[in-house]
Amino acid sequence: MAERIEQRLEDRVPELEQLERVGLFTRKEIKAVLRRASALEYKIQRRALRKEDFINYIQYEINLLELIKKRRARTGYSFKKDEIEISILHRIHSLFNRAIGKWKEDVQLWLSHVAFCKQWNAKHQLSRVFSSMLAIHPNKPALWIMAAKWEMETRLSSENARHLFLRALRFHPECPKLYQEYFRMELMNAEKQRKEKKEFERAKMDLGEFSYSEEILNGEMARIVYRDAAQKIKGVEFHLAVLSIAKLFDFTQDLQKEILESLQTTFADDPLTWDYMARHELELGSLQSTEHTTKQTKVSEMTQREERCSAVFEEAVKAVPTEDMWKYYITFCLERYNRKTNSEELKQKRLERTLSVFNKAHESSLLPEALYKQWLQLLLESTLFEKATEVAEAATKRFSLSVEMWQMRLQVLIQLKSDDVTQCFEEAIKHVKSKGTLPIWTLWVEWSEGMKSKEDTEAVYQRSLHATTHAESVTMKEKYLDWTYRNSGYKKVRRVFTSLCENRPFSLDFFRKMIQIEKEQESCKMLHLREYYERALREFGSTDSDLWLDYIKEELSHPQGKPENCGSIHWRAMKMLQGDLVEDFVSKYTLLQTGHL
């Protein structure tokens, strides 16, 4: 092993001598490089190899390359690159190859090598990396796409890119993304050839026997890809994806028409098809618009376009009367309403259309639960308070078991300062099962704190403890304790704490809150603190080492504390704590004894 390392270090000597000779590095820096390289070499020659050692070595060599690059730029010296950089590049590729040979399954390692090759323009090497990587990881479509894109965009080889896509499709015959990128590549190739032909014609050059294929120029290869994909891939999303790609090229009108017709015949019942067809009306308008138009004309034209979209959506909700279809229609209306415009007339029309569509979906019992909230927000923003109250009530009737719907209705009533808030809370608790009612109880006590008497609020807190699940009651106990202290003072909170301690479960914060309250008192009693710590430790003594440490600190620092108790507390902690917490406790306790904690 030592001989191999010595040989590798000797192989570096020529490049390091050149670095010193041309003034890019000093003698001292050369020695530092050798020392570091020696340490890194030893790590990758061990029997038990670690991936991190290879990564660190590669990163060091890349940093060295970057430093040389900066110094060349600073000094203006650009010679001897074969003896210096090329030697380092070979070494980095060799390190990558060794690491990848050992950890073939690590895709990130392959991608790091790919990125390095791209950065240093190592095209020949990158071609081999892609070839090896795809042989090991043929099950990852993204890697095939990356390789094909590089062939097309960097090496300008549509043949190689096409070959890669066809190979990839043998492994993944139903992968939409592969077909989409293959489709895009064929259109890019057609566009490239169209530009070349135009340049030749402009220069009036004789191409001799060579001629451009009209089929390729017109995008026929992309059409073949699309037709092949359409037979294997089901679902409207794929057709819409290839249509959006085709639209990026100005010679694909016939192809777009074919995809659109296929969409309308094959997926006539799919809401996405209707959504696309409706939104397509906006684009048609923008294509026909002229440059010299007044603001009023633009507003009028936009209104007409949006009305055409709306007409298609109206047809859609009759043809496909589903929640999804209404959702697409409402989403479109909200998008248009939220668009900025200086025209009050247009904004008002958008608002009226949106509210009308919400109402129609609701009356058809096809408005999704999640959209009621947006409808209510819009009504409240538009100061349509009576309608908002009516809609909120209707939402809770339709989704009577939904906590979110009741919460939403209550928030509307609270915002409007309605007299029906208490009644609505009672109704909500009656309809919704105990699990998940925490948001309603939280809202109730928060509202009651601001609007009702202490007695009424306390009654709500007491009810919430029995009405929520055990897990949710923990939160209510914390809130109850905090509210009692803020509103009724120390003596009352002590009584409430003792009362709450009769029923599990508890949270650690519940006890810590009470400890904090005690410490805020002028006559803070250690006797009380011990009670709270002991209660907390009964619940959390096996899982929280900090609790034991805080107890010990209290005994040491409190005027009424008993430092002689610390040994007993320490012994109990060692017995109760589980697993790694014992070690954590011991290390912190040691710091405490030495005054570092």
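Computed from a predicted structure; not experimentally measured.

The subject of this paragraph is the side chain of His528. Checked against the element boundaries, His528 lands in helix α26 (residues 526-540). With sequence-adjacent residues up to four places away left out, His528 is seen in contact with Tyr490, Arg494 and Glu518.

Time to look at the UniProt feature "domain: U3 small nucleolar RNA-associated protein 6 N-terminal" (unreviewed entry) in the protein. Summarizing the sequence annotation, UniProt attributes the feature "domain: U3 small nucleolar RNA-associated protein 6 N-terminal" (unreviewed entry) to residues 9-91 in the numbering used throughout. The straight-line gap between the two end C-alpha atoms of residues 9-91 is 12 Å; of that span, 76% is helix and 0% is strand.

Checked against the element boundaries, Asn121 lands in the loop between α5 (107-119) and α6 (123-136). Residues Asn121 and Gln411, 290 residues apart in the sequence, show an inter-C-alpha distance of 61 Å.

Right, let's talk about helix α4 (residues 85-102) for a bit. With 18 residues, α4 ought to run about 26 Å at 1.5 Å a step, and its terminal C-alpha atoms sit 26 Å apart, in line with that. Buried-residue contacts for α4 involve α1 (2-21), α2 (27-44), α3 (51-75), α5 and α6.

Summed over all chains, the structure comprises 29 aromatic pairs. Relative to Trp375, the ring of Phe358 lies with its centre 5.6 Å away and its plane at 5°, an arrangement referred to as stacked. Note that Phe358 is positioned in helix α17 (residues 344-363) and Trp375 in helix α18 (residues 369-381), a separation of 17 residues in sequence. Using a relative accessible area of 1% as the deciding quantity, one classes Trp375 as buried.

What follows is about unusual backbone geometry. Between Arg504 and the following residue, Pro505, the backbone shows a cis peptide bond with an omega angle of 0°. Within the element layout of this structure, Pro505 appears in the loop between α24 (470-500) and α25 (508-519). With a phi angle near 60°, Lys80 is a residue other than glycine that sits in the positive phi range. Positionally, Lys80 belongs in the loop between α3 and α4. By relative accessible area, which is 34% here, Lys80 ends up partly exposed. We note that Lys417 has phi near 50°; this positive angle belongs to a residue other than glycine. In this structure, Lys417 sits in the loop between α20 (403-415) and α21 (421-431).

The biggest cluster of nonpolar side chains holds 121 residues, and the ones touching the most others in it are Phe183 and Tyr372. Setting aside residues no more than four positions away along its own chain, Phe183 makes contact with Ala222, Val225, Tyr226, Val242, Ile245, Ala246, Leu255 and Ile259. Listed in part, the 56 residues of the second largest apolar core include Ala428, Ile517, Ile569 and Ala573.

So, how was this worked out
Residues numbered from 1 in each chain as written. Predicted model: local features only at pLDDT ≥ 70, side-chain atom pairs only at ≥ 80, totals over all residues. Heavy atoms only, no water. Helix = DSSP H or I, 4+ residues; strand = E, 2+ residues; numbered from the N terminus. Contact = heavy atoms within 4.5 Å. UniProt positions renumbered as here; feature names shortened; annotations may be inferred. Expected span 1.5 Å × (residues − 1). Phe/Tyr/Trp six-rings, centres within 6.5 Å; stacked < 30°, edge-to-face > 60°. Buried < 20%, exposed > 50% of the residue type's maximum accessible area, 1.4 Å probe, protein only. Core = buried A, V, L, I, M, F, W, Y, C linked by side-chain atoms within 4.5 Å.

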